[in-house]
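Spelled out, the chains give:
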Amino acid sequence: MTDIVTIRGDLELLTRTEQLFSSVREEFVCAARDLETWSRPAARQVASGRLRRGGTHRTRKLYSPSALADERGREHLGALADRGARVRIAATALPHETIVIDRRCAILAGLHAPGGREYTLTTAPTLVGGVYALFEAAWESATDLDVFLRGEQPHLDAGSRTVLRALGSGATDETAARELGMSLRTYRRRVAELLATLDADSRFQAGMRAGELGLRG
């Protein structure tokens, strides 16, 4: 591999990193905002399989709080921890997503785009070292998964997420209730429940609190 390679899409990423994922020997670290860093579930399964076959190594995974916003996310991260990975949750949403393998290769995830997500792979020692140092700083300030869960991270079900999205749209209560197929009274009750869940005194504060926790509608 050259020092820096840019590729697009999950499938091309899997093809270009097949040898890397199956050759991990010392350490695999990953920072991700949520469980959709790789948008194709099949791609994640293939990568996980290659990683497990790669030998004995230390695995550390760092996620934004939004990864725990539903039961599926909690179960997935719990299963990772049960398999021996160290999992921590950052205090706020992570601005960047990355993978570092044996401190010799880094994969940086770009933004989602219609043509496929763009990834940058680098083996340049200075760049890999810088990315790893940033990961370490975020890791040190994060909280272990079990401790974070004991702190009662707010859990938003699908209905609460829908209401949160409606609040973020700026629509009036009447419009939001109509679009969601609820009565105005039910919608306002769901808003009150959402504020209580987020420990917020106002709708604005609820939006701020959701943003701090990396929760999305």
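The preceding data block contains the structure.
Conventions and cut-offs
- Position numbers for residues start from 1 in each chain and track the written sequence from start to end.
- Where local features are concerned, this predicted model is filtered to residues with pLDDT of at least 70; where side-chain atom pairs are given and counted, the filter is 80 or more; whole-chain, interface and lining totals use all residues.
- In computing side-chain properties, one takes all heavy atoms of the structure into account and sets aside hydrogens as well as water.
- Working definition: helices are DSSP H or I runs of at least four residues, strands are E runs of at least two. Numbering for both runs from the N terminus.
- Take the number of residues in a helix, subtract one, and multiply by 1.5 Å to get its expected span.
- In summary, the pairing rule links any two rings of Phe, Tyr or Trp, Trp by its six-membered ring, whose centres are within 6.5 Å, and it sorts them by plane angle into stacked for under 30 degrees, edge-to-face for over 60 and tilted for everything else.
- Burial classes follow relative accessibility: with a 1.4 Å probe on protein chains only, a residue under 20% of its type's maximum area counts as buried, one over 50% as exposed, and anything between as partly exposed.
- Charges are assigned to positions over rings by a cutoff of 6 Å between ring centre and Lys NZ or Arg CZ, combined with an angular limit of 35 degrees from the ring normal.
- Whether two residues are in contact is decided by their heavy atoms: any pair within 4.5 Å suffices.
- Residue types Ala, Val, Leu, Ile, Met, Phe, Trp, Tyr and Cys, when buried and joined through side-chain atoms within 4.5 Å, form a set referred to as a nonpolar core.

Participant: Would you mind going over helix H8 (residues 184–197) in detail, with residue names and values included?
Facilitator: Given 3.6 residues per helical turn, the α-helix brings residues three or four places apart onto the same face. Taking 1.5 Å per residue as the helical rise, H8 with its 14 residues ought to reach 20 Å, and the 20 Å between its terminal C-alpha atoms agrees with that figure. Directly beyond the C-terminal end of H8, a positive phi value near 55° is found at Asp199.

Participant: Explain the packing of aromatic side chains to me, and be specific about the residues and the numbers.
Facilitator: In this structure the tally under the stated criterion is 1 aromatic pair. An angle of 25° between the planes, with centres 5.8 Å apart, marks the rings of Phe135 and Trp139 as stacked. A residue pair is termed a helical-turn pair when its members lie 3 or 4 positions apart in one helix, as Phe135 and Trp139 do in helix H4 (residues 125–140) at 4 residues. A residue is classified by how much of its surface remains accessible, and Phe135, at 4% relative accessible area, is buried. Just above the ring of Trp139 sits the side chain of Arg60; from NZ or CZ to the centre is 5.1 Å.

Participant: Now, about the environment of Gln205: what can you tell me, with residues and values included?
Facilitator: Mapping Gln205 onto the fold places it in helix H9 (residues 203–212). On a C-alpha basis, the gap between Gln205 and Leu195 in space is 8.4 Å, while along the polypeptide they are 10 residues apart. Filtering out sequence-adjacent residues up to four positions away, Gln205 remains in contact with Asp199 and Ala200.

Participant: Residues and numbers for the nonpolar core, please.
Facilitator: With 26 residues, the main nonpolar core has Tyr63, Leu77 and Leu121 as its most contacted residues. Excluding its chain neighbours within four sequence positions, the residues that come into contact with Leu77 are Leu35, Tyr63, Ala67, Leu68, Val87, Ile89 and Leu145. Ranked by size, the runner-up nonpolar core spans 14 residues in total, among them Ala177, Tyr187, Val191 and Ala206.

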